[in-house]
Amino acid sequence: MRKFLYVIGFFAATLLINDAQAQCNADTFTDACIPKLSSGFNFLKSYKIDGAGGSKTKVEYSYVFTKGTQYMINICATGDNTDGIVVSLFDSKRNQVATSKVEGQFISAIAYPCNATGIYYITYTFDNSTQFCGGSALGFKR
Amino acid sequence: MRTLSFVLIFLVVLSACDSGKKPSIEEITSEEEADSTASETIIDPELIAAILQQIPSPLEISVLLQRSGTKYDGSLLNNPDNTSKYNSNYQKAINLGIYGTDLGYTNIYEQNQDGLEFMSAISTLAEGLSIGQFFELATIGRLATNSKNLDSLLLITTQNFNNINAHLQEQDRSNLSVLLLVGGWLEALHVTCQVSAKDPSNQELIDVIGEQKIILEQLELLLSFYSTKNPNMKDLHESFLRLKTAYDEIEITIIPGEPVSKVVDGVLIIENTDRSEVKITQENVDNITSIVEEIRTKAIN
């Protein structure tokens, strides 16, 4: 019985430590991202990017983009850069149309003029991220 | 050996708590369909949230109308004095969505006086649904008095509606969130159809009406989850099925292209050569308009 309690205690402690590491206050980053949308873009949605301390490999959202509308998606994370967070855009057939990692550089915003109405998938992945935590905003203009 | 068994059971329970992999919408949908024979349908909150977040903001259509040179027409909107008619949560939620679109439309056209009346109507309905805390009437009223505050006004109203949707889902009241979005979308489509009827040569509007097929499919799916739980939702779902049948004739084709990108001032700009084409006739538009008017009239009265 004592052995069993030790095991339970060990796993509980591990869970607590993981949980502490995984604390992500994504709201702070989404709030910071909204005013960073370029001039002329109207705010639509904010997205939380919580990689749960690295246990999640990607965070995905989707949105119906409309032909004739330009969309902007930006990323905010710890510090001035994106902390290794990469946003990629996929069309309704899951073909990649854009990614914010270009030639090894992490770009903090994508502008996408949509010519084909449909469901698009907005996927955030982590590339050598330290915090696995960030926020993002989606805006539009015509 | 006993300890090992305990550890194994513990690990199995742990892994069942969070597998770390979220099922896709397609996977959950097929599971829901498979379960539909069960006596009571279980609605997965993850599926509802995933579909709800896809629905575009009606503000996009208001901006399209304004940019295309269409004049403001307040007579197309729901009467802000109608709030006293809405007694059930169903009526309050669907009309909250309708007024939300109307407010966005008045904001885009900088019709501040009308906007204030819609704001008041929204506040009344929100209070009735116990979500009044999301609307600071004083702040919004102050912003609405000056056209220089348009960006802030649009931002704060969009955030309020996003917060309401998140709150309703957290409170296990996603049915109201669905009605909010259905009402908003229905009103935007109603305005587009009416403006198109006045200017049938505007192909951009006709295409927008046709493209709503994609969103209608999502909304119809959402309504289907609640149609067995509430007679009003059942009735609304049946109306949406008729609208969906009218949309069946419309074809949306994607002609693929190759995306090209460049970085300008720290922003990655995509130049996409993909394009979509909508096959829709004036007869289709008239049929859709007629069904939309029928559904909306029932919703606002």
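So, here's what we can say about the structure. Because the structure is a prediction, the values reported are computed rather than measured. (Residues numbered from 1 in each chain as written. Chains lettered and ligands numbered in written order. Predicted model: local features only at pLDDT ≥ 70, side-chain atom pairs only at ≥ 80, totals over all residues.)

**Considering helix H10 (residues 203-226) of chain B**
With 24 residues, H10(B) should reach 34 Å at 1.5 Å per residue; the first-to-last C-alpha distance of 35 Å fits that figure. Helix geometry: H10(B) is bent most strongly at Ile214(B), by close to 35°. (Helix = DSSP H or I, 4+ residues; strand = E, 2+ residues; numbered from the N terminus. Expected span 1.5 Å × (residues − 1). Bend = angle between axes of the 7 residues up to and from the residue.)

**Looking at the interface of chain B and chain A**
Tallying the contact residues gives 36 residues for chain B and 37 residues for chain A. Counting residues per element, the ones that place at least two in the side of chain B that touches chain A are helix H1 (2-17), helix H4 (59-67), helix H8 (150-170), H10, strand E1 (251-255), strand E2 (260-264), strand E3 (267-271) and strand E4 (275-279) of chain B. The dominant element in the side of chain B that touches chain A, judged by the number of residues it contributes, is H4(B), at 5 residues. Considering only residue class, the side of chain B that touches chain A consists of 20 nonpolar, 11 polar and 5 charged. Where strand E8 (residues 109-113) of chain A and E3(B) come together, 3 bridges link them in parallel fashion. (Contact = placed C-beta atoms within 7 Å. Nonpolar A, V, L, I, M, F, W, Y, C, P; charged D, E, K, R; others polar. Pairing = 2+ DSSP bridges.)

**As for the sheet that holds strand E5 (residues 96-99) of chain A**
Residue and element names in this part refer to chain A. Overall, antiparallel pairing links the 4 strands, which are arranged E2-E9-E4-E5 in an open sheet. Looking at strand neighbours, the two that pair on one side only are strand E2 (58-65) and E5, the edges of this open sheet. Sheet twist, expressed as the mean angle between neighbouring strand axes with direction ignored, is 20°. Bridge count for strand E4 (residues 85-90) against strand E9 (residues 118-126) is 6 bridges, and the pairing is antiparallel. Paired with Val-86 across the strands is Thr-125, a residue of E9. (Axes fitted to C-alpha atoms, helices over the stretch in contact; angles between N-to-C directions.)

**Re the sheet that holds strand E1 (residues 42-50) of chain A**
Strands belonging to one sheet form pairs held by backbone hydrogen bonds; the direction of such a pair is parallel or antiparallel. Strand order in the open sheet formed by 6 strands is E1(A)-E10(A)-E3(A)-E8(A)-E3(B)-E2(B), and the pairing between neighbours is mixed. Looking along the sheet, the strands with just one partner apiece sit at the ends: E1 of chain A together with E2 of chain B. Geometrically, the sheet is characterised by an average inter-axis angle of 20° between neighbouring strands, direction not taken into account. Here strand E3 (residues 70-77) of chain A pairs with strand E10 (residues 133-141) of chain A via 8 bridges, running antiparallel. Bridging from a neighbouring strand, Tyr71(A) pairs with Phe140(A) of E10(A).

**Side note on unusual backbone geometry**
For Asp83(A), which is not a glycine, the phi torsion comes out positive at approximately 50°. Mapped onto the fold, Asp83(A) is located in the loop between E3 and E4. A positive phi angle, close to 60°, is found at Asp172(B), a residue other than glycine. In this structure, Asp172(B) sits in the loop between H8 and helix H9 (174-198). A tally of 8 C-beta atoms within 10 Å means that Asp172(B) is categorised as exposed. (Buried ≥ 20, exposed ≤ 12 C-beta atoms within 10 Å, placed from the backbone.)

**A few points about the packing of H4(B) against helix H5 (residues 89-108) of chain B**
Residue and element names in this part refer to chain B. At a minimum axis distance of 9 Å, the contact between H4 and H5 shows a crossing angle of 35°. Between H4 and H5 the crossing geometry is right-handed. Contacts between H4 and H5 pair Leu-59, Ser-62, Val-63 and Gln-66 from the former with Gly-104, Tyr-105 and Ile-108 from the latter. By residue class, the composition of the contact of H4 with H5 is 4 nonpolar, 3 polar and no charged. (Left-handed = near helix turned anticlockwise from the far one by under 90°.)

No statement about biological role is implied by the geometric values presented.
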